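What follows is the residue order along each chain.
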Amino acid sequence: MNDCSVGSTFLTDSLELELKTEWCNPPCFSCAFDNRGGKNFSGESYLASGALKRLILNLDPLPTNFEEDTVEIFGINWVTETALVNSSRELFHLFRQQLYNLESLLQVSCDFGKISTLHYKANNIRQQCIIFLHYIKVFIFRYLKVQDAESHIPVHPYKTLEAQLPSVLVDELHGLLLYIGHLYELSSTSPGAFVNQNQNKLFPPSWHLLHLHLDIHWLILEILHVLGEKLKQAVYGHQFISLAGDSLSNVSLFEEHCENLLCDLISLSLKRYDKVSPSEALLSDHCPCSCIKELWILLIHIVDHRHKWSHSESFWNWLNKILKTLFETSNEQRSSMPEIHSRDPLGFSWWIIARVASYYQFDRHGVPDEMRRIESNWNFVEELLKQSISVQEGVLEEQLRIYLHCCLTVCEFWEPNITIVNILWDYYSKNLNSSFTVSWLPLKDLINIKSPLSMLEMVKTCCCDKQDHDLSKSYSSYTIFLCILAMTVKKAMKNNGSHPWKQVKGRIYSKFHQKRMEELTAIGLQNFFSLFLLLAAVAEVEDVASHVLNLLNFLKPAFISSQRPLIWKGQMAFLLMYAQKNLDIGVLAEKFSFEFQEKAKEFLVSKKEEMIQRHSLWTLLSIYIDGVQEVFETSYCLYPSHEKLLNDGFSMLLRACRESELRAVLNFLQAVLARIRSFHQQSSQELQKKVDLAVQSSLLAKERHLAAVVSALWRHFFSFLKSQRIAEIVPVSQLADAAADFTLLAVDMPSTAPSDLQPQPVISIIQLFGWDDIIWPQVAARYLNHVLQNSTLCETLCHSSNVSFQSSTIRSWIRCVLQMYIKNLSGPDELLIDINPEQAVEKDYMEQLTELTRLIFKLSEVKNIFSKAQVECLPTPEDPKKALIHFLEAVGITYRNLQTLSDKSAMVTKSLEYLGEVLKYIKPYLGKRIFSAGLQLTYGMMGILVKSWAQIFATSKAQKLLFRIIDCLLLPHTVLQQEKELPAAMLTAIQKSLPLYLQGMCIVCSQNANAYLNQLLGNVVQQYIGRFLPAAPYVAGLGQHPVLLALRNSATVPWISPLKKCIVQVIRKSYFEYKGSAPIPRLASILAFIVQLFKETNIDFCEIELLLPGILKCLVLISEPQVKRLATENLQYMVKSCQVGSEGEPATQLTSVFRQFIQDYGIQYSYQVYSVLEVVATLNQHIVIHLISTLTQSLKDSELKWGLGKNTEQRETYRKLLSHLGQAGQHEIQRLENDIT
């Protein structure tokens, strides 16, 4: 072969620029290329290599080849310029021999070990054959001389042979075609010839043979075309005649071969079509490989090129002629064509037309060109369409979808054709009430009728320029017709203005009159709306909508009542289309909103038991609500007519709704509010720009329209929200969200708010939904989150001097935390038993409360408190209860750190402002319905408040609140009724928190000597010492007694002494001041309590002086062993304590107590007195020694009283006591013996 660097004298300047390396090798069919880069054909193909372009432009077929003096063909060197003239028969014989050799390779088994050898052998044969055919082309173009047939001058024998060459070529080429046979026959004898999955590009001989046949078929057409272009006249063969009996010429051979080749290609496509279902065929390519596709494109270009410059038929005519034979019987078919049979000729014709139509977009280089003018085939398609919808033949919906899908495909490529729309409309206008369904296929278009927006979405789908490949599976034939209608009208109007639309409109409008409208069923009405919505989308929406409203008046009243939901959906869809096209909706809105108002009135007066009627009404109302929401969301700007959509119907509707219905209406409200705020922000931004007066006037007009719509929202919706703040029917989350949206609306447009919210509408709304104590805490928490999350609004309110925004918000937060369990109190009683506190709060509310806590801790006032308290502020508090404790303690510390009286007074005021009516917040937990988690929270949090704010409560401003807290929580009426048992949950809560209250009250007492507070402290101790005594009097069981815990945790603090004094006084008064020898209940337990009290605290002499008489009384009067043991233990602790306190000397107070004890009981209970004093003597003899004179006198008084002289037994017991007193005792014994009185 020649080197590709050699220049060519046959190249034009433009083609030299397009010279590429691939031109060095002759082009051929090949599907062995990487198509990942978006290439459609191989670089060696006839299209990509530019061979087709050169053929059509009549340029040198291979300018860089066959330029040497000799050329190697079939392994033999030939003279380039004469070989074809001198040896044409031999060359064609060698060609057929090589073809036979390649066919012989098919017989060899193609296993893995031989694939490489067979591939290279087959490829070598194929390349030799291709080179020969290309050589024929080049020879004709370069070297063949046109001979003058009328010249009688003797010529050289070579000239004679050269003159005969064209006829020889016609004969040889025809003979070659007869030798290789039909293409479809080869594919059936060489299975797997189209398979191209070998990554190593090693192919079996069958693949090479098939592709060589493709090359031969195409190159013969090229040779015949080049021959015709060279000679400019017909050349006849000598060996063969045509099938018509005429001599075979290059022209007739070209046409005959084209026809046969098209028949072969159709046969190949038909084999693929018959193997799958029609719907699957739509998704598959009819070409086995890209080479077949390339051959189709080559034929389209060469045939249409010849049609353009000669009187030959166009490609579509050739194809139509062949396809028509599919519909003929075997007797009718012409013998000139091979017989082609199809099980579904109509479906196949549609399929192949649609596929071939797409090939017209490929240019001469095989590149898709959307701007390329594409030849249409409408005449044949119109015939197919008429046959497809022929009533006599019977129309199957499944097949019709396939046909129309193919029709839609050709509509994409060809110029618009109004005739096909008219043909289809004639069919569908008669079948408008049909559902066009296939039992085993779902339909998207039936599902999409659920809402007006979905109806519009379906219309938009129909108007798309590109449709889905599975359109026939998803949509009915009627919907596909609408796609064809939309595409045709859009294209026609783009090319020819409004005239095509008027044609279509007249044809469609004429089919609808009163009788036809009365004949419509529900499905027919749905199809009616789909049709006119599509017409409105592609043409004049106002004209179409007006016509639809007029046509709807023809419907019968009974039909309107049954199909009102569908009618409303259709009307709303038109309303949405107006909004999307930025048209004034006034004409449609006025009538529609009036109908809505009437239905809302019916809904209001309907009884809630009439479920069917309410459901029907709600279906209509929800269509209107959803549609109006979409109108607002899709409108580019608001007109005065938008206000008409928000009429009194909503006021009536809101009053009649149940919870689930209210959710839908409030969702609508939130969406409309968000859209209105968006409109206002856009308008405000535009007004801030420098614009001319006309634009400014337009923007101000838009603001007025917006204000009118906003006023309607305040009037119909906000008044309802305000009235429902504490009603349980309104979902708390949506109530809070809607109120927050109105708050933001008041920020943007304060003048639109109603008069009862003026002059500060924002503060008024926050007061209603965020700070008011009567609303649910769930509402307040969620609402305040919205407010605090808006940094701009929050910052503005924080710096406002007219309202204490931060204090009020903190107070509301405290209320929300304290009332976190309050919703559980509204549930059944059984739900309140043993419920987990973590599960008692709704997850959503806990999340809202956690978020509110996080936002509260970001307030400057809260940060300032923690800063002054020198306590680290929690950056991200996760537990609202712990965060509240942290905050309360920080407030108490801040107050303690203040120095000046004015600062402290201001802090007390601020602190009380934080608390608000705190007792009202916790009051629900203290009712008849007991909830343990709520009580635990209430008592625990109030206990922390009393202790950490003790110094604040010591002030006159806050002292009243402390008194109320004690009375309410610790000394309620039920506690004072001793005969009634307190609920276990309340007792548990008090037990855990009582130490905090006692410690706080002691601190207040130490700061402010208040008799009433001391009395309260005594009452609390009196009530709860006994209530928390253990059933069994074990000292070990008293370790968790709340009164003792209060002392234990503060034993070293100076202000705790009032509590000890109070405890001692309560014990003395309540447990030791009993008359007679009958002890009070649980005396042993109180004695054990006193033992524990001695163990854990330092008891003063004055306190022992108060308790000791009672202990001695128990020892004398009570004979119960347990009481005696504990009383003795107490006596021992007291004596030891006094001994330590007096540094070894007997305490005066203790001696006086024992002296009084002897005087009280010495005469009547002398033996018991002596026994007690024996115990004392073992601990401290000095105390008893000081009592000898009193004891002796008591002995004499006893003997005198009884009048029996000396009591020997008593004196003996007394001597026993004296014997333990050492020398002083012995002296007293001696004295008694010497005493004769």
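What counts and how
Residues numbered from 1 in each chain as written. Predicted model: local features only at pLDDT ≥ 70, side-chain atom pairs only at ≥ 80, totals over all residues. Heavy atoms only, no water. UniProt positions renumbered as here; feature names shortened; annotations may be inferred. Helix = DSSP H or I, 4+ residues; strand = E, 2+ residues; numbered from the N terminus. Buried < 20%, exposed > 50% of the residue type's maximum accessible area, 1.4 Å probe, protein only. Contact = heavy atoms within 4.5 Å. Areas by Shrake-Rupley, 256 points an atom, 1.4 Å probe, with all protein chains shown as cover. Pairing = 2+ DSSP bridges. Phe/Tyr/Trp six-rings, centres within 6.5 Å; stacked < 30°, edge-to-face > 60°. Salt bridge = Lys/Arg side-chain N within 4 Å of Asp/Glu carboxyl O. Disulfide = S-S within 2.5 Å. Core = buried A, V, L, I, M, F, W, Y, C linked by side-chain atoms within 4.5 Å. pLDDT = per-residue confidence, 0-100. Axes fitted to C-alpha atoms, helices over the stretch in contact; angles between N-to-C directions. Parallel < 35°, antiparallel > 145°, perpendicular 65-115°, else oblique. Left-handed = near helix turned anticlockwise from the far one by under 90°. Nonpolar A, V, L, I, M, F, W, Y, C, P; charged D, E, K, R; others polar.

Going by what an unreviewed UniProt entry lists, the chain is known as Protein MMS22-like and is assigned to Cavia porcellus. According to UniProt, the comment filed for the chain under the heading Sequence similarities (unreviewed entry) is "Belongs to the MMS22 family. MMS22L subfamily."

Student: Just to check I follow, could you spell out the overall build of the chain for this structure?
Tutor: Summing up its helical and strand segments, the chain has 58 helices and four strands in all. Counting only residues that meet the buried cut, the chain has 55% of its 1237 residues in that class. Contacts in the chain between residues at least 24 apart in sequence constitute 76% of all its contacts with a sequence separation of at least 6. Here the chain displays about 54,700 Å² of accessible surface, and carbon together with sulfur accounts for 51% of that area.

Student: Looking at this structure, how should I read the pairing of strand S1 (residues 70-73)?
Tutor: On a regular strand, each side chain points to the face opposite its neighbour's, so the side chains alternate between the two faces of the sheet. Side chains Val-71 and Ile-73 project from S1 onto a buried face, and the interleaved Thr-70 and Glu-72 project onto a face without burial. Pairing of S1 with strand S2 (residues 76-79) involves four bridges; the strand directions are antiparallel. Pairing of Thr-70 across the sheet is with Val-79, part of S2. Counting the residues in the hairpin turn of S1 and S2 gives two residues, including Phe-74, whose phi is positive at 55°.

Student: Could you clarify how one ought to interpret the side chain of Ser-530 in this entry?
Tutor: Along the polypeptide, Ser-530 turns up in helix H22 (residues 522-538). With relative accessibility at 7%, the residue Ser-530 sits in the buried group. Residues contacting Ser-530, with those up to four places away along its chain left out, are Met-458, Val-459, Tyr-478 and Leu-482.

Student: Looking at this model, I keep getting lost on the packing of aromatic side chains. Mind explaining?
Tutor: Aromatic rings considered in pairs are described by the distance between their centres and by the relative angle of their planes. This model, assessed by the stated rule, comprises 61 aromatic pairs. Aromatic side chains Tyr-135 and Phe-139 sit 6.0 Å apart centroid to centroid with 55° between the ring planes, which places their arrangement in the tilted category. Residue Tyr-135 and its partner Phe-139 are both found in helix H4 (residues 115-142); the two are separated by four residues, about one turn of the helix. For the pair shown, Tyr-135 and Phe-139 are each scored as buried. On the numbers, 6.1 Å between centres and 15° between planes, the contact of Phe-1094 with Tyr-1133 is stacked. Separated by 39 residues along the polypeptide, Phe-1094 in helix H50 (residues 1083-1096) and Tyr-1133 in helix H52 (residues 1121-1141) bring together distant segments of the chain. Using a relative accessible area of 26% as the deciding quantity, one classes Tyr-1133 as partly exposed. Taken together through their ring pairs, the aromatic side chains of Trp-425, Tyr-427, Tyr-428, Phe-436, Tyr-478, Phe-481, Tyr-509, Phe-512, Phe-528, Phe-529 and Phe-532 make up a single cluster.

Student: Quick question: what am I supposed to make of the pattern of salt bridges here?
Tutor: Opposite charge on two side chains lets them pair, provided their charged atoms get close. According to the stated counting rule, one finds 36 salt bridges in the structure shown. In this structure, Glu-229 and Lys-232 form a salt bridge, with 3.6 Å as the shortest nitrogen-oxygen distance. Owing to a relative accessible area of 28%, Glu-229 belongs among the partly exposed residues under this scheme. For Lys-232, a relative accessible area of 63% corresponds to the exposed category. Between Asp-274 and Arg-343 there is a salt bridge, with the nearest N and O atoms lying 3.5 Å from each other. Of this pair, Asp-274 sits in helix H8 (residues 250-275) while Arg-343 sits in the loop between helix H11 (315-324) and helix H12 (345-359); the two residues are 69 residues apart in sequence, bridging distant segments of the chain. For Asp-274, a relative accessible area of 30% puts it in the partly exposed group. On the basis of relative accessibility, which here comes to 48%, the residue Arg-343 falls in the partly exposed class. A single network of salt bridges, built from pairs that share partners, joins Arg-89, Arg-96 and Glu-172.

Student: I keep staring at the state of the cysteines and nothing clicks. Help me out?
Tutor: Working definition: the covalent bond between the sulfur atoms of two cysteines is a disulfide. Tallying each qualifying case throughout the model produces zero disulfides. The structure places no disulfide on Cys-1002, whose sulfur is separated from the nearest cysteine sulfur, that of Cys-1005, by 6.1 Å.

Student: Any chance you could explain the nonpolar core here in plain terms?
Tutor: A general feature of soluble globular proteins is that nonpolar side chains tend to end up buried together. Formed by 431 residues in total, the largest nonpolar core has its most connected members in Trp-296 and Phe-887. In terms of residue count, helix H7 (residues 205-231) provides more of this core than any other element does, 15 residues in total. Contacts of Phe-887, omitting those with residues within four sequence positions, involve Ile-810, Trp-813, Ile-814, Phe-857, Val-862, Ile-865, Phe-866 and Tyr-914.

Student: I would appreciate a short explanation of the environment of Gln-1040 in the present structure.
Tutor: Tracing the backbone shows Gln-1040 in the loop between helix H47 (1011-1027) and helix H48 (1042-1048). For the pair Gln-1040 and Lys-992, spaced 48 residues apart in sequence, the C-alpha separation works out to 9.3 Å. In contact with Gln-1040, other than residues within four places in its own chain, are Gln-991, Leu-1045 and Arg-1048.

Student: How should I be thinking about the side chain of His-225 in this particular structure?
Tutor: For His-225, the location among the structural elements is in helix H7. Apart from the residues lying within four places of it in its own chain, the contact partners of His-225 are Leu-55, Phe-254, Ile-302, His-305 and Arg-306.

Student: Would you mind showing me how to read the confidence of the model for the chain here?
Tutor: If pLDDT is low for a region, its predicted coordinates should not be looked at in detail. Averaged over all residues, the pLDDT of the chain equals 86, while 89% of them reach at least 70. Contacts for the low-pLDDT stretch residues 1-23, under 50 throughout, to residues beyond four places or in other chains number 39 contacts.

Student: Any chance you could explain the packing of helix H38 (residues 860-868) against helix H39 (residues 880-897) here in plain terms?
Tutor: Helix-helix packing is described using two parameters, namely the angle between the two axes and the distance between the axes. At a minimum axis distance of 8 Å, the contact between H38 and H39 shows a crossing angle of 60°. Between H38 and H39, the angle falls in the class oblique. Relative to H39, the crossing made by H38 is left-handed. Together, Val-862, Ile-865, Phe-866 and Lys-868 of H38 and His-886, Phe-887, Ala-890, Val-891, Thr-894 and Asn-897 of H39 make up the contact between the two elements. Residue composition of the contact of H38 with H39, grouped by class: six nonpolar, three polar and one charged.

Student: I tried to follow unusual backbone geometry on my own but got confused; where do I start?
Tutor: In terms of backbone geometry, most residues other than glycine have negative phi values and most peptide bonds are trans. With omega at 5°, the peptide bond leading from Gln-758 into Pro-759 counts as cis. For Pro-759, the position within the fold is in the loop between helix H31 (732-748) and helix H32 (761-771). Even without being a glycine, Asn-58 presents a positive backbone phi close to 60°. Relative to the helices and strands, Asn-58 resides in the loop between helix H2 (51-56) and S1. Asn-58 gets classed as partly exposed once you look at its relative accessible area, which sits at 35%. The phi dihedral of Gln-870 is positive, around 55°, even though this residue is not glycine. With respect to the helices and strands, the residue Gln-870 is situated in the loop between H38 and H39. Look at Gln-870 and you get exposed, because its relative accessible area is 73%.

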